Each structure stands twice: as C-alpha cells, then as structure tokens.
Amino acid sequence: MKEAKYLIVLTGVAVVCAALLAYVYKVTAGPIEMSKNAAINEGIQAVAPEFDNDPVSMMYLIDGQDPLSPVIYPATRGGVVVGAAVKTVSKKGYAGNVVVMVGLEGAPDGQLRVLSTTVVDMKETPGLGTKAKEPGFAGQFQQLSVPPDGALFKVKKDGGSINAIAGATITSRAFTECVNVAVKAWREHGAAALKAAADPANAEPVNSGADAVKGGANG
Amino acid sequence: MASTPLIKEFTKGLVSQNTLLVLLLGMCPALATTTSLTNAVGMGAAVIFVATMSNIAVSAIRKIVPDEVRIPIFVLLIASFVTVVDLSMKAWMPGLSKSLGLFIPLIVVNCIILARAEAFAYKNGVIRSALDGLGSGTGYALGLILVSFFRELLGNGTLFNVSVFGEAFKNNAVLVMILPPGAFLTLGLIIATINKIRRV
C-alpha cells in the first residue's frame, strides 16, 4: 500500500511539472526562434556591404551535414554581387565555439576586402575574451584588404599582423581563424552559392541547411 | 520555529545566515557569474525565483509527500522551475541568457535551493517557506552583487557596462579581478571583512 502511494505522488508531481513545462515551452518557442533569427539578420546588416536583396533567403550552407560549416549570405545590389556576409564557427575558442559573422566586399573571384565583423555567439571569459567584440581588436578587421596570394591573417605571435587581445590569445586566434575561414568559403564556394540562389530548383536541399543553422547557433 | 516572527524568516537570509557570505554555499556559480553586475543581477534574480517557488511548492505538498520519495520530488520541482527560468530568459533576455550560459541550468544542483527545501520548506507552512526562500535567495543575490561590483569596477572599469573611470583606466584595468583568481580574492576579502564586523 505504501508503494502505491509513492507511485501516485511521484506520478502526480511529474505530470504537473510536465504540463507546466509544456506550457512554458509553447509560450517561449516563438520568441526564442525570433531572437535567434534577429541576431543573424542584425549581424548581416552590420557587416555586409550595402545590399538590396534578402541575403537570408539566398543562404548557402557549404556542408549541409556539418552544422559548424560556414554559411554564406550573398549580398547583391541591383542584381550585381557586391559581397557577402559569412557566418563561421571556430572550435578553437577558450570556452566553446566562437561564432563570427564576417562581412566581405567583392566578388568571389575578384579582389576581396574584409569590411567588418560581428560576434554572433561566444562564451569567452567576460571582460577578457569578450574584448574581441570591441573596436580595439575587431577594428583591425575593418576595411582590411585580403592578400591576393591567399595568405592567411595571423596574430603577431604566429607571425602575422593582427594584435592579439592581451591575455586572450586563444580567443584572438579563434576569431582570426573565423575571418580566414570566411574568406576561403566565399572564394571557393561563392560561385556555387550564387548559382544555387539564382536557380533554386538545382540548389541543395534547403531543409538540411535550415536545421543545420539552428544547430550552429546552439553550438 | 513557529514562534519566531514572520519577518525574521526573511531577514535571517539577508545577513545573519547569508547563504553566500556567511554559510559559504553556492560558491561555484558565485565565482563564475560575478564578472559583471548585469550577470550577477540576472543570476541573483533567477535564484530568488527558483528558491521562492520551490519552497512554496515543497511546502504546499509536504503533507502528502512520503518521506522516502521526497528527494526525487524536490529535484523534480526544482528542475521544473529552473527550466521555466531558463526558457524565459532565452526568449526575452537572449543577451543575458547567453552570458550566463550553463549556470542557469546548473541552479538545479545548487545546494542552497535543495537545502532550503529539505531543511525548511518540508517542515514549515507555505507563507513562512515563501519568506524563507525569498530571504535566502535575496541574500545570495546581494552577495553576488557585492562581489561583482568590485570585480567589474576594478577589472573592467565599468558598472553595468557603463564606464566609471574613463577609457584610460578601462584599457589598463586590473585584469586579474575579472579572472577566476579575482573572484577568490574579492570573496575572501569580503568574507574577512564581514567576520571582523560580526566579531566586534
């Protein structure tokens, strides 16, 4: 008889808790999705060259199987390609992944410039790694010409020209890696991305892409 | 217990039995979430909500819960309230939710909440339990705010992200205060001061 009471009370509490959570989940699901999309949209607005298309609808995922692969948001004005925003993930952050939106100016096969960058997501040490968001560090990636010979950006410790944040070399490296990956992604996959956007019928399945982006934002 | 005035149940958690600075409970999140005042306030508010709600819920059902299964039931209730906080923060305060990260879900295993449920709410009425949860949660939040005040001010030169000492200080701030050792230093000095005052 005692066991029956355990069972009834435990089940009762579990059912009530589950109902509460189901309700809260339902109420919050919309705003959570919206705030994620808003973060992406704001990021594109902030870094890409001036555009008049809808980069999100032209979104191109380099590898639909890998949620951490770069995502290209091509930017066009009057039908001419002016550049792209590329969302890249570096696994080399100090605390988890560093997700950066990199704005690039120029066609994939032409002279490229890094216009600006913005951090989409990072869990780096507040006040230290998070300084990557501030002009002192991120400003180095503004109006920065990409070497045509394919040389990578590096922090000074690795023989490059980027000043790392004092005490946060790991974050600086991860951030720099994001920029390099973005440049490479636009160079190598930009043409494919534009083709896919122009001809949606032959494009990669959009669904896998959309799911993968969600995963990326969580990661 | 029942003879102590109601207000005492609230105020004891603030000073004489302050969970963070006197009982030294919940130290791990206290070290991790006090890098900025904003984080400390967010974390403190979450703990206040969960402590109060779980105390109320535990106290309300204490007469029908058999002793043998009380712990799983406490954990279930606490986890539910924590998830409510976590989802709400993600929905309406995405920035704060990002910077607090894992420490909101980790409130589930925070010893303060379970200790108050087990030691107080399971044996006392709903109103007393609510005040007790509110008091110990507020005490914890005040502790967090005190620690983060010094850490953000000295380590970053800002309060609530507003520059206090100007840019020159910000660029040469006392970096160690933001790092984990700064949390130990600050917490140790604050506790030492409190002990000194209490003995006099």
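Above this text is the structure in question.
Bear in mind the structure is a predicted one, so any value in this text is a computation, not a measurement.

Undergrad: Just to check I follow, could you spell out helix α3 (residues 169-198) of chain A for this structure?
TA: Three or four residues apart is the spacing at which side chains of an α-helix point the same way, because the helix has 3.6 residues per turn. For α3(A), with 30 residues, the first-to-last C-alpha span of 41 Å sits near the 44 Å given by 1.5 Å per residue. The sharpest bend along α3(A) measures roughly 60° and falls at A:H189.

Undergrad: Sorry if this is basic, but what is going on with the side chain of B:E9 here?
TA: Residue and element names in this part refer to chain B. Its place among the elements puts E9 in helix α1 (residues 6-14). Classification of E9 by relative accessible area gives buried; the value is 2%. Among the polar contacts listed, one links the side chain of E9 to the side chain of K12, at a separation of 2.9 Å. Engagement of the side chain of E9 in a polar contact is seen with the side chain of R128, the distance being 2.8 Å.

Undergrad: I would appreciate a short explanation of the pattern of salt bridges in the present structure.
TA: Side chains that differ in charge, positive against negative, can pair when their charged atoms come close. All names here are of chain A. Under the definition given, this model contains 10 salt bridges over all chains. E177 is paired through a salt bridge with K92; the nearest N and O atoms lie 3.4 Å apart. Pair noted here: E177 is in helix α3 and K92 is in the loop between β3 (80-90) and β4 (98-105), with a separation of 85 residues, a long-range link. Between E105 and R113 there is a salt bridge, with the nearest N and O atoms lying 2.9 Å from each other.

Undergrad: Just checking my understanding: could you explain empty space enclosed by the protein for this structure?
TA: Leftover empty space is mapped by rolling, across the atoms, a probe with the size of a water molecule. Residue and element names in this part refer to chain B. Under the definition given, this model contains 1 cavity of 30 Å³ or more. Roughly 50 Å³ of internal volume is contained in the largest cavity. Along the walls of the largest cavity sit E9, K12, G13, Q17, T19, L23, R116, D132 and S136, which together make up its complete lining. Contributions of two or more residues to the lining of the largest cavity are made by α1 and α7 (126-156). Looking at the lining of the largest cavity element by element, the count peaks at 3 residues for α1. Among the residues forming the lining of the largest cavity, the class breakdown is 1 nonpolar, 4 polar and 4 charged.

Undergrad: Any chance you could explain the pairing of strand β2 (residues 71-77) of chain A here in plain terms?
TA: Note on strand geometry: in a regular strand, side chains alternate between the two faces of the sheet. Residue and element names in this part refer to chain A. With 6 of its 7 residues buried, β2 lies for the most part within the structure. Looking at chain direction, strand β1 (residues 60-61) and β2 are connected through 2 bridges and run antiparallel. Considered in β2, the bridge of L61 is made with V71. Taken together, the 7 bridges between β2 and β3 define a ladder with antiparallel strand orientation. Considered in β3, the bridge of T76 is made with V81. Two successive antiparallel strands, β2 and β3, enclose a turn made up of 2 residues, where G78 displays a positive phi of approximately 55°.

The rules behind these values
- Residues numbered from 1 in each chain as written.
- Chains lettered and ligands numbered in written order.
- Predicted model: local features only at pLDDT ≥ 70, side-chain atom pairs only at ≥ 80, totals over all residues.
- Heavy atoms only, no water.
- Helix = DSSP H or I, 4+ residues; strand = E, 2+ residues; numbered from the N terminus.
- Expected span 1.5 Å × (residues − 1).
- Bend = angle between axes of the 7 residues up to and from the residue.
- Buried < 20%, exposed > 50% of the residue type's maximum accessible area, 1.4 Å probe, protein only.
- Polar contact = N/O pair within 3.5 Å; in protein donor to acceptor, adjacent residues only side chain to side chain.
- Salt bridge = Lys/Arg side-chain N within 4 Å of Asp/Glu carboxyl O.
- 1 Å grid on protein atoms, 1.4 Å probe; cavity = no way out; pocket = protein on both sides within 12 Å on 5 of 7 lines; lining within 4 Å.
- Points joined across faces, edges and corners; volume = space filled by probe spheres on them.
- Nonpolar A, V, L, I, M, F, W, Y, C, P; charged D, E, K, R; others polar.
- Pairing = 2+ DSSP bridges.

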